[in-house]
Amino acid sequence: MRKSVSGLFIGLSLALGAATVEEECFIEVRRPDPAAQYAKPGYRACAEAQFNALTDYLDANGVKYRVIGAKDKAAAPFVFNVNEKEVQEMHGTRQYGKPVDWFLNDVRRRLARRTGRAIRTADDADELQRILDRAASAGTAAELERVRTYRVTRTIRLDARHSGLTVRGNGAVVDFGRRVTGWRQTDGMLVAEIPDWDGDILSLWVNGRRAQLAKTPNGELARLASRALPADLKRPYPGDPAKDGVRVDADAVRGVLESSEEERRGAIVDYTIAWFTPKCRLVDAYDNGDGSANVFARNVACLHGTQRTDVRYVPFNMGPYEKKWTGVCGVVISNLRRLLDAPGEFFWEKSAHRLLYIPREGESPETLEAFFATGECVLEIAGASPAECVEGIRIADVKFRHGCQLRNSPDGFAPASQSAAKCLGFINVSNARDVQFSGVTVEHCDVYGLNFWKGVWDSSVTGSTFSDCGSGGIRVGVDYTPVKDGDDRSDPLQSGYITIAGNRISGYGRWNASGCGVILFDVGNCRVEGNDISDGVYTGISVGWTWNAPKAHTQNNRIVGNRVSDLGKGVIDDLAGIYVLGGESYGSLIAGNDIRDIRRFNYGAWGIYLDSKAGWYTVEGNVCDNCEDGGFFKNQGVHDVVRRNRFLNGRFAQIGDEPNEDDDIVFEENEIVYSLPAPVFRDHIPCYSRGVWRRNTYRCLNGPVTFGPEGYTLGELQKFGGEVGSEVGK
């Protein structure tokens, strides 16, 4: 709780390696005087902010101190007083931290003399920014303190003035999270007061694990299955019920139905509709009296993350065309006090400034280390324009952790369309060249871990780890942009020549389920090689996002030697280990990848998926095993070559080809191994007149090899002009 009683002693010591301060309290903090001139509302708030920042800092570092009243006589050798002139200056400029920084520097020097080692400030953003600024100005490398945690509450920024800067992290951590302290146990749950936090807490990490926002159904990836609304609604709805409403099991949402309108005010509804996973505001919910309940939600949010800045209504029930693919959608309702009922769940009582958490087995107030994020972007590297870009940045051996996704409006978040395209990154790079990350770790955030966004060229991330990035691991570029001749580096939107190699990406998609392990939007000449991508909810590697565009920038991309496994989790649809989308992708290669264990909710879990006229790809030497809807699927596209791959053990099919009038494919020297009752082809046999199918081997592990619903033999297919030189394996 906030220290508000004169003479309050905080009986904590400062642990500094082998040295510990166990002597008399030599720091006193004087409370602001409520009768002073600066006690007018604005100044008083500023003075309180100074007092709170300092005491938070002392608490966080375990420093022994006491709070004295405004009129009390000081007894300690070191006293902090709020100065009226300083408060007036701070109130005018909103530089609340300045006097605290001066005082803390003196405190650090004093403690250094007594212990031989200085303590850290509660917010290290200013210090970290100064280290980077000074190194850039001096033309030297910025050396971060070994294995230190820099706790920051604002974004660290590098611009063109920092060009050429090398940052050696030495294992240091840059943490955008705030630790929650003061837990007490009450009625089977843990409670902590955070009186000075007025924002949301929608993500919480406890002992290094993501906790679950109070929700139904329980379970990290559990979803309720929905049905269409009944024909007759029990009460009128001020909107389009067909777009805003679904029907679910009433018992599963009993806590929602029993909540008052006031309690529901902050509730969030997550929908999973094929590849689309928006977060919406709960508008209404009521019991139909037949075992079902109607739930209505909507999301009105600004679209950011690309060049688009318009505001529009984003329906989550996507209309008749999409419904024919999905049939049903998954539903999660969260952020409601009555849904707090399972170990590992939490709820932030915002009006009471109280955080509630149901501990997992073995957790107690003494063992709990909990953090929530205070911002979305921890590091921004950005030039002012393509002509004033930042370049030559090197960042190595740094850990970045704890970031949230901020709301775009009181109604909700940026729509989580396919690939979470509207989400940016915990680290954002734009208008930049030759920015290299190596050996970094990004963990515990709600957006993409790293975003090479607009106007980024000749840059890379190698040998790095991305863990529990709530949307996805790494994103590159923006949505489709008009194609110009060659690489137009003056285009503020276009990016290219990015290398993503030797990274480990895991545990993504727990906040926005539609995010990818790696997503290359409309970019070319990129390399995605030797990465290990696993335990994600949506696609592992996605390239393109140009949606039937005949011309795109997606040429000469290499997706080579990656290991992709354990995706989908039965949560989402229309995904693949490697998914490429649209455009004339001349010179692009998908080769030597190992893809395993891809599952879906309702339809569409493939190993390699060429969608929406993806053309001019070579797909060679890949292994796709245990992908529910098959190792390979092509939806239209031209001049694709698929050869020497192994497509194994699809549950519902092995391969599929949906042609159009311009379609052609070379499918040769591939091995297809499966077990009945799964068929070889999805829906129908290929259109052999529009492609070349030859020298393939088909092997069924528990019965004869037949093709199509007609049950053709291989010999009969060859009479149609396909499968020349193909064979049935033993």
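Conventions we followed
- Residues numbered from 1 in each chain as written.
- Predicted model: local features only at pLDDT ≥ 70, side-chain atom pairs only at ≥ 80, totals over all residues.
- Heavy atoms only, no water.
- Pairing = 2+ DSSP bridges.
- Helix = DSSP H or I, 4+ residues; strand = E, 2+ residues; numbered from the N terminus.
- Expected span 1.5 Å × (residues − 1).
- Buried < 20%, exposed > 50% of the residue type's maximum accessible area, 1.4 Å probe, protein only.
- Salt bridge = Lys/Arg side-chain N within 4 Å of Asp/Glu carboxyl O.
- Contact = heavy atoms within 4.5 Å.
- Polar contact = N/O pair within 3.5 Å; in protein donor to acceptor, adjacent residues only side chain to side chain.
- Phe/Tyr/Trp six-rings, centres within 6.5 Å; stacked < 30°, edge-to-face > 60°.

Participant: Explanation requested: the pairing of strand E51 (residues 632-635) in the structure shown.
Facilitator: Put simply, side chains in a regular strand alternate between the two faces of the sheet. Bridge count between strand E48 (residues 605-611) and E51: three bridges; the pairing is parallel. The partner of Tyr609 across the bridge, within E51, is Phe633. Taken together, the four bridges between E51 and strand E54 (residues 655-658) define a ladder with parallel strand orientation. Residue Asn635 lies in a different strand from E54, and its bridge partner there is Glu658.

Participant: Quick question: what am I supposed to make of helix H4 (residues 125-138) here?
Facilitator: For an α-helix, 3.6 residues make a turn, and residues three or four places apart therefore share a direction. Between its first and last C-alpha, H4 extends 20 Å over 14 residues, near the 20 Å set by a 1.5 Å rise per residue. Inspection of H4 places Ala125, Glu127, Leu128, Gln129, Leu132, Ala135 and Ala136 among the buried residues, and these make up the whole buried set. Residue Gly139 follows H4 closely and has a positive phi angle near 75°.

Participant: What exactly am I supposed to notice about unusual backbone geometry here?
Facilitator: Glycine aside, the phi torsion of most residues is negative, and most peptide linkages are trans. Cis geometry marks the peptide bond from Thr216 to Pro217; its omega dihedral reads 0°. In this structure, Pro217 sits in the loop between strand E17 (215-216) and strand E18 (224-225). The linkage connecting Leu676 with the following residue, Pro677, adopts the cis geometry, with an omega of 15°. Positive phi values are uncommon outside glycine, yet Ser419 reaches one of about 65°. Here Ser419 is to be found in the loop between strand E29 (390-403) and strand E30 (425-430). When its relative accessible area of 1% is taken as the criterion, Ser419 is described as buried.

Participant: Please clarify how the pattern of salt bridges should be interpreted in this entry.
Facilitator: Pairing is possible between side chains of opposite charge, provided their charged atoms come close. Within this structure, the stated rule accounts for 52 salt bridges. Between Asp270 and Lys279 there is a salt bridge, with the nearest N and O atoms lying 2.7 Å from each other. Of the charged contacts in the structure, one is a salt bridge between Arg695 and Glu668, with a shortest N-O distance of 3.5 Å. With Arg695 in the loop between strand E57 (692-694) and strand E58 (697-700) and Glu668 in strand E55 (residues 665-668), this pair connects stretches of sequence that are 27 residues apart. Note on Arg695: relative accessible area 40%, which makes it partly exposed.

Participant: Got a minute to help me understand the environment of Gly630 in this structure?
Facilitator: With respect to the helices, strands and loops of the structure, Gly630 is situated in the loop between strand E50 (623-627) and E51. For the pair formed by Gly630 and Pro679, sequence separation is 49 residues and the distance between their alpha carbons is 9.7 Å. If sequence neighbours within four positions are ignored, Gly630 has contacts with Ala605, Trp606, Gly607, Gly650, Ala653 and Gln654.

Participant: Explain the side chain of Lys569 here, please?
Facilitator: Locating Lys569 in the fold gives a position in the loop between strand E44 (563-567) and strand E45 (575-581). Within the structure, Lys569 has its side chain in polar contact with the side chain of Asp535 (distance 2.6 Å). Non-local contacts of Lys569, meaning those with residues more than four positions away in its chain, are made with Leu221, Arg510, Asp535, Gly536 and Arg599.

Participant: Honestly, the sheet that holds strand E12 (residues 184-186) in this entry has me stumped. Any pointers?
Facilitator: Taken in spatial order, the five strands line up as E12-E13-E26-E25-E16 in an open sheet, and their pairing is mixed. Because the sheet does not close on itself, it has two edges, and the strands there are E12 and strand E16 (212-213). Relative to strand E26 (residues 354-357), strand E25 (residues 345-349) runs antiparallel, the two sharing four bridges. Of the residues in E26, the one forming a bridge with Glu349 is Arg354.

Participant: Can you walk me through the packing of aromatic side chains in this structure?
Facilitator: A ring pair, where both rings are aromatic, is described by two values, the distance of the centres and the angle of the planes. What the rule picks out here adds up to 19 aromatic pairs. When the centroid spacing of 4.6 Å and the interplanar angle of 50° are considered together, the rings of Tyr579 and Tyr609 count as tilted. With Tyr579 in strand E45 and Tyr609 in strand E48, the pair connects residues that are 30 residues apart, well separated along the chain. When sorted by exposure, Tyr579 lands in the same class as Tyr609, which is buried.

Participant: Which parts of the structure should I look at to understand the environment of Pro195?
Facilitator: Position of Pro195 relative to the elements: it lies in the loop between strand E13 (189-193) and strand E14 (205-206). Note: C-alpha distance between Pro195 and Lys350 (155 residues apart in sequence) is 9.6 Å.

Participant: Even after reading the chapter, I still don't get the pairing of E13, so can you show me in this structure?
Facilitator: The buried fraction of E13 amounts to four of the five residues, a majority that puts the element mostly inside the structure. The sheet contact formed by E12 and E13 spans three bridges and is antiparallel. Within the sheet, the bridge partner assigned to Gln185 lies in E13 and is Leu190. Counting the residues in the hairpin turn of E12 and E13 gives two residues, including Asp187, whose phi is positive at 50°. Of the pairings in the sheet, the one linking E13 to E26 comprises four bridges and is antiparallel in character. If you follow Glu193 over to E26, its bridge partner there is Arg354.

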